[in-house]
Every structure is written in C-alpha cells, then in structure tokens.
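For reference, the chains in residue letters:
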Amino acid sequence: QVQLVESGGGLVQAGGSLRLSCAASGRTFSDLVMGWFRQAPGKEREFVGGIKRSGGTRYADSVKGRFTISRDNAKNTVYLQMNSLKPEDTAVYYCAAGRVPWAVISSNPRDSDFEPWGQGTQVTVSS
C-alpha cells in the first residue's frame, strides 16, 4: 500500500505562487497515476489535475494555464506548481494515487478513482 504526504501549503497573496509536494512511499511510484484535488470550506472536493506515469497531464479548466503538475520518479514525488493564485484557490489540497487507468481518469476524473489519499495541506490566498 502506498503512503502519501503533502507539504508546501501556506499563506500567499493573490498573484503569488506556491509549490506543493507529495511524497510517496510503500510502492513503486513510477507505476502510479497521481492526482491533485482540493476542497474549499463548504464545497465538495474537486479535481485539480492529474499526471500519468509517462508525465502526460490533465487539468481542470479553473486552473489550466496557472497550475502545473510534474513528477520526479527518482524522488518518489509529485509536484503542483501554482502560479497567479486567486482567493478562490483557497482550499485544502490533497494528492492521491489513481486506481484506474489513465484513460478513465483523463476523461472523467472522480474521487472514487483515487485511493489512497494524503492528509492534505492548506493553501490560503489573500486578496
């Protein structure tokens, strides 16, 4: 079973940047499809983006062009680079390992397609 630990969250002003990291252990990381989700107060958790084993990515429309997901298989880590942050990006951000093929995730990503999850890291964007 893979274990995931996120880090890198914090408080940033609108227009700023943050990079989140998600370190994996317990399984061959390079075999994993990885995803990032977020949950704002009072809202459902939503898909932010995902990355397949070869590095191909898919993003939610709300973050496309501002967020970039990458992975370093040698370090068993996936990253979420967030630029041009907006107050509406404020949320707890989670990474998760995909348990279905990339073709499924890339077409219609759902919470249920990912397991396990990290503990989450808070991102707060001030206006």
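As a reminder, the structure under discussion sits directly above these lines.
As the structure is a computational prediction, the values presented were derived from the model and not from experiment.

1. Let's talk about the pairing of strand β8 (residues 77-82)
And then number 1: Within β8, five of the six residues are buried, leaving the element largely enclosed by the surrounding structure.
And then number 2: Here strand β3 (residues 18-25) runs beside β8; their pairing, made up of six bridges, is antiparallel. Note on β8: the bridge partner recorded for Leu18 is Met82.
And then number 3: The loop that links strand β7 (residues 67-72) with its antiparallel partner β8 comprises four residues; one of these, Asn76, has a positive phi angle of about 55 degrees.

2. Quick word on the sheet that holds β3
And then number 1: Taken together, four strands build an open sheet; the order of strands is β1-β3-β8-β7 and the sheet is antiparallel. Looking at the sheet topology across the chains shown, the edges are occupied by β1 (3-7) and β7. Strand-to-strand twist of the sheet, defined as the mean angle between neighbouring strand axes without regard to direction, takes the value 15 degrees.
And then number 2: Relative to β8, β7 is paired through six bridges, and the arrangement is antiparallel. Paired with Asp72 across the two strands is Thr77, which belongs to β8.

Criteria and thresholds
Counting restarts for each chain: residues are numbered from 1 in the order of the written sequence. In view of the model being predicted, local features appear only for residues whose pLDDT reaches at least 70, and side-chain atom pairs are presented and counted only at 80 or more, with totals across whole chains, interfaces and linings using the full set of residues. Side-chain calculation: all heavy atoms of the structure are included, whereas hydrogens and water are not. Think of it in three bands: with a 1.4 Å probe and only protein chains considered, a residue is buried below 20% of the maximum accessible area for its type, exposed above 50%, and partly exposed in between. Numbering of helices and strands starts at the N terminus; helices are DSSP runs of H or I of at least 4 residues and strands are runs of E of at least 2. Here a strand pair is declared whenever DSSP counts at least two bridges between the two strands. Axis lines are fitted through C-alpha atoms, for helices just across the contact stretch, and the angle between N-to-C directions can take any value from 0 to 180 degrees.

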